[in-house]
Amino acid sequence: MTNHSGTTGTPDNDDTVGGERQHARRTTGPDRMPAVRDRPLPEHQVTLRTPDELADALPYLLGYRPEDSIVLVALHDAGGRGRFGGRARLGIPASADDWESAAGQLALGLVTGSERRGAKPEQMVAFLCQEPAKGETGRQVMERLRPLAQKTRLACGSLDVPVVEALCISDGRFWSYCCDRGECCPPEGRPMGLPGTSVLAAAAAYAGVQVRGSLRQLRARLQPLETGAALEQEVALDTVALQLVPRVLDEATRAGVAAETLELAERTLRRFAEAPLVSGTLIADLSDDELLAHDEAARLILGLQDRATRDRVAEWMEGGEAAPALRLWRALARRCVRPYHEHAAAPLTLAGWVAWSSGDDLEAREAFAMALAADPDYLFARLLHQACNEGLDPESIRRCLRAERTGRSRESAGAAEPSGEGSGGAGRRLAGAAQEAPDEPDTASEERRLARSRHPSSASRGASRAGKSPGGERRARIPRPRTAAGTHPGPARPGTPSPNATRGTADRAPRKRPARGTTARSDGGCDGGGGTAE
């Protein structure tokens, strides 16, 4: 089963839309919808009363436009003036056999997360979002997904949280599963309003809230190149690996490689910082790709497999360093072409960390999930992903990294060596900040990647195609995080482990066994592209 899962929102803003508080109350009007009010200040108020307005509000609730998704939105204070609560999203399983399990886990995750934060939802609103397949109409999609809507309503009802509205959004129209009155919910559906023309869109624009495209577009910025340059980058990685990897694996020369990597990274960071900014996501990424030569990218990718080096550059997380660093890590992630896909765990985790530190939880969770899809044993990504999903403040981690940077600046220039920290430095720092003890340093994962790089044309490629380690054994040294599969939408790339093989995030709360590849976290979210809900 292919399932892309994720959520939006953090425990600290689970009742906000772009920083503005939502209020909801139940009405008895003909459309039966709770009125949702946005009232951050007395002079600003937005009320949502109808299914039309609610369907239009979904991208503003999530911060992006969902695709192939089940979305649950919690409503609180049903007896009077209320508010929106947490939002949880899960990809629609390809097999209808998995729908009941997926619906149950999504509902349980959102309700449990809300209860952990002191307020169980009184009501739910459900959305099913999927575009028609070739030769299919939106109405046919609605009918095909009707059993899923029913299972979702039953799952919420079993938790004593009724679904007051369930909408299907497809092909620019929406349908209500809760209303069969032709005057308000005709069989052919109701057309969606033009994007940006609703009252809520105007309020969001006034507040400076921007709605992104889809998660697919966000992930595309972090996925390996598939252009003609991919082959050139692969050749550069092969060439540099033959020179660099033996030195990295040799303790006598490892510190020298770390110093060279840091010097190159600092020089490249300055280049990115000095480059003029370009508008447009695609054009900006292409411009950044031109700033990075193939051999430079290869040396940085391989050098960042050293944990201490990676920890040092993780300090570029705020101020004037954050924006160019995020662009650099994205560019390096795009250069991890086959058969070096597993090496993307380091730049992807760094991109996620800088995004999280900068307040972009959505990109952070997607990057962490993609890092864990590339290497499920990558401890740094696992700890950061867990901390982000649990709603921890990244400031505690920033303080740790600032302290190390300040401590080095007080030492003599010759006393500070990049690789003198020892194994598992980032894991220990993050474990302390997150109050979680790592099982063990990810030394074996690091050495495995480096060892494969010494023979990229044979063992590594074969292992990549098989989706296993070179010996054909499944890695189980560190308990795997259940991170969402499918962070790479579309057809699988040759030499890249299939997203379907990636598991989701383990819950601590008892629950039914989820469909393979899908889970909803007990804090109200579903791992992968998203974060927590309520």
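Residues numbered from 1 in each chain as written. Predicted model: local features only at pLDDT ≥ 70, side-chain atom pairs only at ≥ 80, totals over all residues. Heavy atoms only, no water.

Q: Describe in detail the packing of aromatic side chains, supporting the description with residues and values.
A: The full count for this structure, using the stated rule, is two aromatic pairs. Taken together, a centroid distance of 6.0 Å and an interplanar angle of 5 degrees make the contact between Trp-316 and Trp-329 stacked. Placement of the pair is Trp-316 in the loop between helix H11 (307–313) and helix H12 (322–334) and Trp-329 in helix H12, with a sequence separation of 13 residues. The exposure class of Trp-316 is buried, given its relative accessible area of 6%. The buried category is assigned to Trp-329, whose relative accessible area is 1%. Aromatic pair Trp-353 and Trp-356: ring centres 5.8 Å apart, planes at 75 degrees, arrangement edge-to-face. In this pair, Trp-353 and Trp-356 both sit in helix H13 (residues 345–357), three residues apart, roughly one turn of the helix. Taken as a pair, Trp-353 and Trp-356 share a single burial class, namely buried. (Phe/Tyr/Trp six-rings, centres within 6.5 Å; stacked < 30°, edge-to-face > 60°. Helix = DSSP H or I, 4+ residues; strand = E, 2+ residues; numbered from the N terminus. Buried < 20%, exposed > 50% of the residue type's maximum accessible area, 1.4 Å probe, protein only.)

Q: Pulling in residues and values, what's your account of the side chain of Asp-56?
A: On the secondary structure map, Asp-56 appears in helix H1 (residues 51–62). Arg-65 is the oppositely charged side chain nearest to the buried, salt-bridge-free Asp-56, at an N-O distance of 6.5 Å. The contact partners of Asp-56, leaving out residues within four places of it in the chain, are Met-192 and Ser-198. (Lys, Arg positive; Asp, Glu negative; His and termini not counted. Salt bridge = Lys/Arg side-chain N within 4 Å of Asp/Glu carboxyl O. Contact = heavy atoms within 4.5 Å.)

Q: Quick rundown of the pairing of strand E10 (residues 173–176)? Include the residues and the values.
A: With four bridges joining them, strand E9 (residues 163–170) and E10 adopt antiparallel strand pairing. In the strand pairing of E10, Leu-167 is matched with Ser-176. Counting the residues in the hairpin turn of E9 and E10 gives two residues, including Asp-171, whose phi is positive at 55 degrees. Pairing geometry for E10 and strand E11 (residues 190–191), over two bridges, is antiparallel. Within the sheet, the bridge partner assigned to Phe-174 lies in E11 and is Arg-190. (Pairing = 2+ DSSP bridges.)

Q: Outline the pattern of salt bridges, listing residues and values.
A: Under the criterion given, the structure shown has 24 salt bridges. The partner of Glu-260 in a salt bridge is Arg-247, and the shortest N-O contact between them spans 3.0 Å. Here the residue Glu-260 occupies a position in helix H8 (residues 251–274), and Arg-247 occupies one in helix H7 (residues 229–249), the gap between them amounting to 13 residues. For Glu-260, a relative accessible area of 39% corresponds to the partly exposed category. The exposure class of Arg-247 is partly exposed, given its relative accessible area of 28%.

Q: Explain the packing of H7 against helix H10 (residues 294–303) residue by residue, including any values.
A: Two numbers describe how H7 lies on H10: the axes approach to 8 Å, and their chain directions differ by 55 degrees. Comparing the axis directions of H7 and H10 gives the class oblique. Two packed elements cross with a definite hand, and for H7 against H10 that hand is right-handed. Touching Ala-229, Glu-232, Gln-233, Ala-236, Leu-237, Val-240, Ala-241, Gln-243 and Leu-244 of H7 are His-294, Asp-295, Ala-297, Ala-298, Arg-299, Ile-301, Leu-302 and Gly-303, all from H10. Its residues placed into classes, the contact of H7 with H10 shows ten nonpolar, four polar and three charged. (Axes fitted to C-alpha atoms, helices over the stretch in contact; angles between N-to-C directions. Parallel < 35°, antiparallel > 145°, perpendicular 65-115°, else oblique. Left-handed = near helix turned anticlockwise from the far one by under 90°. Nonpolar A, V, L, I, M, F, W, Y, C, P; charged D, E, K, R; others polar.)

Q: So what's going on with the nonpolar core? Which residues, and what values?
A: Counting 62 residues, the largest nonpolar core has Val-313, Trp-329, Leu-332, Trp-353 and Trp-356 as its most contacted members. Elements that contribute at least two residues to this core include exactly H7, H8, H10, H12, H13, helix H14 (361–374), helix H15 (379–389) and helix H16 (395–410). Per-element tally for this core: the top contributor is H13, with nine residues. Setting aside residues no more than four positions away along its own chain, Leu-332 makes contact with Leu-292, Ala-297, Leu-300, Ile-301, Leu-304 and Pro-347. (Core = buried A, V, L, I, M, F, W, Y, C linked by side-chain atoms within 4.5 Å.)

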